[in-house]
Amino acid sequence: QVQLVESGGGLVQAGGSLRLSCAASGRTFTSGVMGWFRQAPGKERGFVGAISWSPGNTYYTDSIKGRFTISRDNAKNTMYLQMNSLKPEDTAVYTCAATYRDGIRYRQENEYPYWGQGTQVTVSS
């Protein structure tokens, strides 16, 4: 059974940075896609970005392009979300998700069978 564990959330001032991690255990990823989603208070969960495990293509939602970067460490079976120039509107619970399938509709939640518990990111103004 695959388990995903996020870490790195916290409180940061606007303009600051955080790096989230999503560590996968139970099976090594050599293919598929891992993604980040977020849910702000009172809003539906939405797509942030994703990375294909091989060859490492990345996809981002428009609102975070140029500020957030997704990467992965194959040896550690871990995905990262580097968040720079954070804004109060980035405040949300960030959750990672994964699938072993390639060629998915990476923005669609139902494409990902495995989900983490989420980590809170709060950006103060």
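To start, this report covers the structure provided alongside it. (Residues numbered from 1 in each chain as written. Predicted model: local features only at pLDDT ≥ 70, side-chain atom pairs only at ≥ 80, totals over all residues. Heavy atoms only, no water.)

A tally of regular secondary structure across the protein gives zero helices and eleven strands. Taken against the 2.2 N^0.38 rule, which gives 14 Å for 125 residues, the C-alpha radius of gyration of the protein at 13 Å falls within 12% of a compact globule. The principal-axis extents of the C-alpha atoms in the protein amount to approximately 40 × 25 × 25 Å. Classification of the 125 residues of the protein by burial places 45% in the buried group. The contacts in the protein between residues at least 6 apart in sequence include a share of 57% that link residues at least 24 apart. Surface accessibility of the protein: about 6300 Å² in total, with carbon and sulfur atoms responsible for 43%. Taken together, the 13 basic and 9 acidic charged side chains of the protein have centroids lying 3 Å from each other. (Helix = DSSP H or I, 4+ residues; strand = E, 2+ residues; numbered from the N terminus. Rg over C-alpha atoms; globule rule 2.2 N^0.38 Å. Buried < 20%, exposed > 50% of the residue type's maximum accessible area, 1.4 Å probe, protein only. Contact = heavy atoms within 4.5 Å. Areas by Shrake-Rupley, 256 points an atom, 1.4 Å probe, with all protein chains shown as cover. Lys, Arg positive; Asp, Glu negative; His and termini not counted. Charge placed at Lys NZ, Arg CZ, Asp CG, Glu CD.)

A cis amide bond links Ser54 to the next residue, Pro55, at an omega of 20°. Positive phi, normally seen in glycine, also occurs at Asn77, with a value near 55°. Structurally, Asn77 can be placed in the loop between strand E7 (68–73) and strand E8 (78–83). We classify Asn77 as buried; its relative accessible area is 7%. Its identity as a non-glycine residue notwithstanding, Ser85 has a phi of 50°, on the positive side. Among the secondary structure elements, Ser85 is positioned in the loop between E8 and strand E9 (92–99). Residue classification places Ser85 among the partly exposed residues on the basis of a relative accessible area of 41%.

Let's shift gears to the state of the cysteines. Each disulfide consists of one covalent bond between the sulfur atoms belonging to two cysteines. Scanning all chains against the criterion turns up one disulfide. The residue that forms a disulfide with Cys22 is Cys96, at a sulfur-sulfur distance of 2.1 Å. Torsion about the S-S bond of the Cys22 and Cys96 cystine: about 65°, corresponding to right-handed handedness. In this pair, Cys22 sits in strand E3 (residues 18–25) while Cys96 sits in strand E9, placing the two residues 74 residues apart along the sequence. (Disulfide = S-S within 2.5 Å.)

The next point concerns the packing of aromatic side chains. Counted according to the given criterion, the structure contains seven aromatic pairs. Ring geometry for Tyr59 and Tyr106: centres 3.9 Å apart, planes at 20°, overall stacked. With Tyr59 in strand E6 (residues 58–60) and Tyr106 in the loop between E9 and strand E10 (114–115), this residue pair connects regions lying 47 residues apart in the sequence. Ring centres of Tyr112 and Trp115 lie 6.2 Å apart, and the angle between their planes is 70°; on these two criteria the pair is classed as edge-to-face. Put simply, the rings of Phe37, Phe47, Tyr59, Tyr106, Tyr112 and Trp115 pair up and form one aromatic cluster. A cation over a ring is seen here: Arg45 above Trp115, with NZ or CZ 4.1 Å from the ring centre. (Phe/Tyr/Trp six-rings, centres within 6.5 Å; stacked < 30°, edge-to-face > 60°. Lys NZ or Arg CZ within 6 Å of the ring centre and 35° of its normal.)

All right, on to the pattern of salt bridges then. Summed over all chains, the structure comprises six salt bridges. Measuring nitrogen to oxygen at the nearest pair gives 3.0 Å for the salt bridge that ties Asp90 to Arg38. Separated by 52 residues along the polypeptide, Asp90 in the loop between E8 and E9 and Arg38 in strand E4 (residues 33–39) bring together distant segments of the chain. Among the residues examined, Arg38 registers a relative accessible area of 15% and is labelled buried. Residues Arg105 and Glu111 are paired through a salt bridge, measuring 3.1 Å at the closest nitrogen-oxygen approach. (Salt bridge = Lys/Arg side-chain N within 4 Å of Asp/Glu carboxyl O.)

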